[in-house]
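Examining the three-dimensional arrangement
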Amino acid sequence: MNIHTIANHLNDLCDKSHTGLQFDCYPIDGEVEVLQVNIVGREEIPVFVSVTENQVLCISYLWGEDEVNQDRRLAMFETMLELNIPMPLSSFAKIDDKYVIYGALSVQSDMQEIEQELSVLSDNCLEVIDEMVEYLK
Amino acid sequence: MGILNKILTAFRGGATEVGQGIVDANSTRIFEQEIRDAENHLTKAKRELTDVMAKEMQASREVDRLKRSISEHEGYATQALEKENEALAMEVAEKISQLDQELAEQEAANANFTAHATRLKDLVRKTERQLTDYQRQLSMVKTTESVQKATASITDSFAGSSSKLLNAKDSLERIKARQQQFDDRLVAAEQLADENSDKSLHDKLAEAGIGEQKSNANAVLDRLKARK
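Residues numbered from 1 in each chain as written. Chains lettered and ligands numbered in written order. Predicted model: local features only at pLDDT ≥ 70, side-chain atom pairs only at ≥ 80, totals over all residues.

With that out of the way, let us pick up the nonpolar core. Counting residues in hydrophobic clusters, the biggest one holds 42 residues, and the most contacted among them are Val 34, Val 37, Val 47, Val 49, Cys 58, Leu 62 and Ile 101 of chain A. Element by element, the count of residues in this core is highest for helix H3 (residues 111-132) of chain A, at seven residues. Per-domain counts for this core show at least three residues from each of domain 1 (2-165) and domain 2 (166-213) of chain B. Look past the residues within four positions of Val 49 of chain A in its chain and what remains in contact with it is Ile 3, Ile 6, Val 34, Leu 35, Val 37, Val 56, Leu 57 and Cys 58 of chain A. (Core = buried A, V, L, I, M, F, W, Y, C linked by C-beta atoms within 7 Å. Buried ≥ 20, exposed ≤ 12 C-beta atoms within 10 Å, placed from the backbone. Helix = DSSP H or I, 4+ residues; strand = E, 2+ residues; numbered from the N terminus. Domains from an automatic or database assignment. Contact = placed C-beta atoms within 7 Å.)

What follows is about the UniProt feature "coiled-coil region" (unreviewed entry) in chain B. Residue and element names in this part refer to chain B. Using the residue numbers shown here, the UniProt feature "coiled-coil region" (unreviewed entry) corresponds to residues 28-55 and 89-144. For residues 28-55, the helix share is 100%, the strand share is 0%, and the end-to-end C-alpha distance is 40 Å. Annotated as 100% helix and 0% strand, the span residues 89-144 places its first and last C-alpha atoms 81 Å apart. (UniProt positions renumbered as here; feature names shortened; annotations may be inferred.)

Below, the discussion takes up the domain arrangement of chain B. How big an interface is tends to be reported as the loss of accessible area on association of its parts. Taken domain by domain, chain B comprises domain 1 (2-165) and domain 2 (166-213). On a C-alpha basis, the centres of domain 1 of chain B and domain 2 of chain B stand 75 Å from each other.

Attention shifts here to the UniProt feature "coiled-coil region" (unreviewed entry) in chain A. When the UniProt feature table is mapped to this numbering, "coiled-coil region" (unreviewed entry) covers residues 104-131 of chain A. The distance from the first to the last C-alpha atom of residues 104-131 of chain A is 23 Å, and the span holds 75% helix and 11% strand.

Every contact between the two is made by 25 residues of chain B and, on the other side, 27 residues of chain A. Breaking the side of chain B that touches chain A down by element, the ones donating at least two residues are helix H3 (86-159) and helix H4 (168-207) of chain B. If you tally residues by element for the side of chain B that touches chain A, the top one is H3 of chain B, at 13 residues. In the side of chain B that touches chain A, the residues fall into nine nonpolar, ten polar and six charged. (Nonpolar A, V, L, I, M, F, W, Y, C, P; charged D, E, K, R; others polar.)

Our next topic: H4 of chain B. Residue and element names in this part refer to chain B. With 40 residues, H4 extends 58 Å from end C-alpha to end C-alpha; this agrees with the ideal 58 Å at 1.5 Å per step. Counting buried residues in H4 gives four out of 40 residues, a small share hidden from the surface. Buried residues of H4: Ala 168, Ser 171, Leu 172 and Ile 175, and no others. Count one or two residues on from H4 and you reach Gly 209, which has phi positive near 75°. (Expected span 1.5 Å × (residues − 1).)

With that out of the way, let us pick up the packing of H3 of chain A against H4 of chain B. Viewed as axis vectors pointing N to C, H3 of chain A and H4 of chain B meet at an angle of 115°, and their least axial separation amounts to 10 Å. Where H3 of chain A crosses over H4 of chain B, the handedness of that crossing is left-handed. Contacts between H3 of chain A and H4 of chain B pair Leu 126, Ile 129 and Asp 130 of chain A from the former with Ala 168, Leu 172 and Ile 175 of chain B from the latter. Here the contact of H3 of chain A with H4 of chain B is composed, by residue class, of five nonpolar, no polar and one charged. (Axes fitted to C-alpha atoms, helices over the stretch in contact; angles between N-to-C directions. Left-handed = near helix turned anticlockwise from the far one by under 90°.)

Residues and elements named next belong to chain A. With antiparallel pairing, the six strands of this open sheet are ordered in space as E1-E2-E3-E4-E6-E5. Looking at the sheet topology across the chains shown, the edges are occupied by strand E1 (23-28) and strand E5 (91-95). Taken pair by pair, the neighbouring strands of this sheet meet at an average axis angle of 30°, ignoring direction. Bridge count between strand E4 (residues 55-64) and strand E6 (residues 98-106): nine bridges; the pairing is antiparallel. The residue bridging Cys 58 from the neighbouring strand is Gly 103, located in E6. The sheet strands contacting helix H1 (residues 3-13) are E1, strand E2 (34-39) and strand E3 (47-51), and the helix crosses E1 at an angle near 155°. (Pairing = 2+ DSSP bridges.)

Encoded structure:
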């Protein structure tokens, strides 16, 4: 399992997608290879996939620290903690100065599970931003 | 819990810039070496354990054999005494004494092997536990580093291209607008399809002279005449 097998699978899906979403994948070069997965119609919020020794990490950026209304920061944290369990398959996290949601899968996962993960992550992302926009500037 | 603390310290210390590891590469290598060492210890301990357990079984079989032999010879000695053959009974008694000594030695050896096996089993359990913990910690370090490097790749990629990560509100609004436009188009297309089917039905009715008729010159003339 590496990002290229995932990319090939997703790019070949076309109308055969199990999730009703269409994916466009672009590998990003670097010390760790990352796959940028654009979902058609939602290109502004891509999902980034990287594969480590034992897990497949799918990450979507929500917003930066600079977008947070600092007076509501604590309330935002509480909401994130409260939503963490109910939100299916994804969890909140922070990387550097960016808030993200992410999902981690075993490298033994099959492609349909990865497809499902990406779809749910993208749906969660839109919903989270919609619901939590009150904490942003 | 050392590793979580190291990761957090590194974050707080701002060691999140590109190229700066959470735990420097050298420490990671040392850590990996420690894991390999622990794995080697484990293999060695397991091999030794098998050996000791085999010896333990052997000693235990020998203890059984000696016990059987002693009771057998005790029988012989009794029989010799019954036949008042004191000399033979004495000879057997000497043999029994020799067997007793051997039994004591074997039992001591057996106890020793059992204790050794118990110690080795403890060691194996401890090493396995430690190994799992080392692997968990290494996986945490590696995942953290991998995410950092991946983030660096993503940031570089976006910095180098015309596209950029928009802020959350704008992104959502654009996506919603696009979705709305798509929905609107869908609705418009449906309406158009409805109108077209209405129109064709209307035409057919008109042709058949049913429903509202088109006004024509004759009809106008008739209407004017009727006003007189």
